[in-house]
Amino acid sequence: MNAGNLKGIICNNSFDTFTDNPYYCAPMSTTRLPKTVEPYRLAASGEHLEGSVTLSAMPRIVDVIGRQEVECHVVMTFDLDEQRQHYIEGSLAADVEMPCQRCLQPMPVHLESTFLLGMVTSDALAATLPARYEPVLVEDEHLDLLPVVEDELLLTLPQVVYHDEADCAVSRDSLQSGDEAEQETPARADNPFSVLRSLKDH
Ligand SMILES: [Zn+2]
């Protein structure tokens, strides 16, 4: 055996080790979250998903905050707990604009939340879930992720937002000339309350 061969073997070995390493992660990229997954299969192998969803693809969000070309970043881990309950543990984050309830001008709002979903195959089984889980219904082994993210995002939306007084057009104008400020406020039909209220009724 000469030095050249030896070197080749070492290189091959380290290459194999590198590609087989289950903990090797590709550099983070802005991939799309898959539309549909097989959550039981993902949980069985403890899979981790990370990607983004466009807010304008979620009609119930658009109803509340209007159409915004904003990405929601989502991370999900699929796993089983010690009672063999399949679950999804996740987090999401998005930067949107919502109308200030004092001046009705849009203002930046950072949305962020975590969630813990217990997979069930029927509504009846949802009642048997431990309290720490929100139920998520999985039919035919498949789950559409978009409505799941949308539900969580709706729960995360604040009911009302206000500018800091120093940044708010109404607060500023009321210090100067009271009445004129009201004529400048745009009419906005969007009502963040209506959707939240209908959510609670379910
Ligand atoms: Zn304001």
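Worth saying up front: this structure is predicted, and the values here are computed from it rather than measured.

## So, the overall build of the protein
Looking only at helices and strands, the protein features 8 helices and 7 strands. Looking at the protein residue by residue over its 202 residues, the buried ones come to 20%. Expressed as a percentage of contacts within the protein between residues at least 6 apart in sequence, the contacts between residues at least 24 apart total 57%.

## Thoughts on the confidence of the model for the protein
Summing up the model confidence of the protein, the mean pLDDT is 81 and the portion of residues at 70 or higher is 71%. Every residue in residues 1–29 scores below 50 in pLDDT, and together they form 2 contacts with partners more than four places removed in sequence or on other chains.

## Some words on the sheet that holds strand 4 (residues 86–99)
The strand order across the open sheet formed by 5 strands is 2-3-4-5-6, and the pairing between neighbours is mixed. The open sheet is flanked by strand 2 (48–54) and strand 6 (134–137), the only strands paired with a single partner. Between one strand axis and the next, the sheet turns by 35° as a mean value, whatever way the strands run. Strand direction decides the pairing type here: strand 3 (residues 71–80) and strand 4, joined by 8 bridges, are antiparallel. Each residue of the ladder has a partner; that of V74, found in strand 4, is L92. On top of the sheet, helix 5 (residues 145–156) reaches strand 2, strand 3, strand 4, strand 5 (106–120) and strand 6; it is set at about 125° to strand 5, its chief contact.

## Some points on unusual backbone geometry
A positive phi angle, near 65°, is found at R84, a position not held by glycine. Relative to the elements of secondary structure, R84 occurs in the loop between strand 3 and strand 4.

## Describing the pairing of strand 5
In regular strands, side chains alternate between the two faces of the sheet. The pairing of strand 4 with strand 5 spans 13 bridges and is antiparallel. Among the inter-strand pairings, G90 is bridged to a residue of strand 5, identified as F115. Between strand 4 and strand 5, which pair antiparallel in sequence order, lie 6 residues; one of them, L104, sits at a positive phi of approximately 65°. The sheet contact formed by strand 5 and strand 6 spans 4 bridges and is parallel. By the bridge assignment for strand 6, V120 is matched with L137.

## A word on the nonpolar core
Ranked by size, the top nonpolar core spans 30 residues in total, and within it C72, V74, A94, V149 and L153 carry the most contacts. Breaking this core down by element, the ones donating at least two residues are helix 2 (39–44), helix 3 (59–65), strand 3, strand 4, strand 5 and helix 5. Ranked by residues supplied to this core, first place goes to strand 4 with 6 residues. Those residues in contact with C72 that lie beyond four places of it in its chain are S52, V53, L55, L92, A94, V149 and L153.

## Here we look at the environment of A131
One can find A131 in the loop between helix 4 (123–126) and strand 6. By C-beta crowding, A131 is classed as exposed, having 6 other C-beta atoms within 10 Å. As a C-alpha pair, A131 and G118 span 13 residues in sequence and 9.7 Å in three-dimensional space.

## Regarding the environment of C72
Mapped onto the elements of the fold, C72 is located in strand 3. With 77 residues separating them along the chain, C72 and V149 place their C-alpha atoms 8.8 Å apart.

## Focus: the environment of I88
You can see I88 is positioned in strand 4. Accessibility expressed as a C-beta count within 10 Å gives 25 for I88, which makes it buried. Spatially, the C-alpha atoms of I88 and P39 are 8.2 Å apart, while their sequence positions differ by 49 residues. The contacts of I88, once residues within four sequence positions are left out, are P39, M76, F78, L117 and V136.

Definitions and cut-offs
Here the residue numbering is sequential within each chain, running from 1 through the sequence in written order. Residue-level local features of this predicted model are given only where pLDDT is at least 70; pairs of side-chain atoms are given and counted only at 80 or more, and the full residue set underlies all totals for whole chains, interfaces and linings. Helix numbers and strand numbers start at the N terminus; a helix is a DSSP run of H or I with at least 4 residues, a strand a run of E with at least 2. Whether a residue is buried, exposed or partly exposed is read from the other C-beta atoms within 10 Å of its own C-beta, which are placed from the backbone; 20 or more gives buried, 12 or fewer gives exposed, and intermediate counts give partly exposed. Note on contacts: residues are paired as contacts if their backbone-placed C-beta atoms lie within 7 Å. The quantity known as pLDDT measures the predictor's confidence residue by residue, on a range of 0 to 100. Between any two strands, pairing holds if DSSP finds at least two bridges. Note on definitions: angles span 0 to 180 degrees between N-to-C directions of axes, and those axes are lines fitted to C-alpha atoms, for helices only across the stretch in contact. Definition of nonpolar core: a set of buried Ala, Val, Leu, Ile, Met, Phe, Trp, Tyr and Cys residues joined via C-beta atoms within 7 Å.

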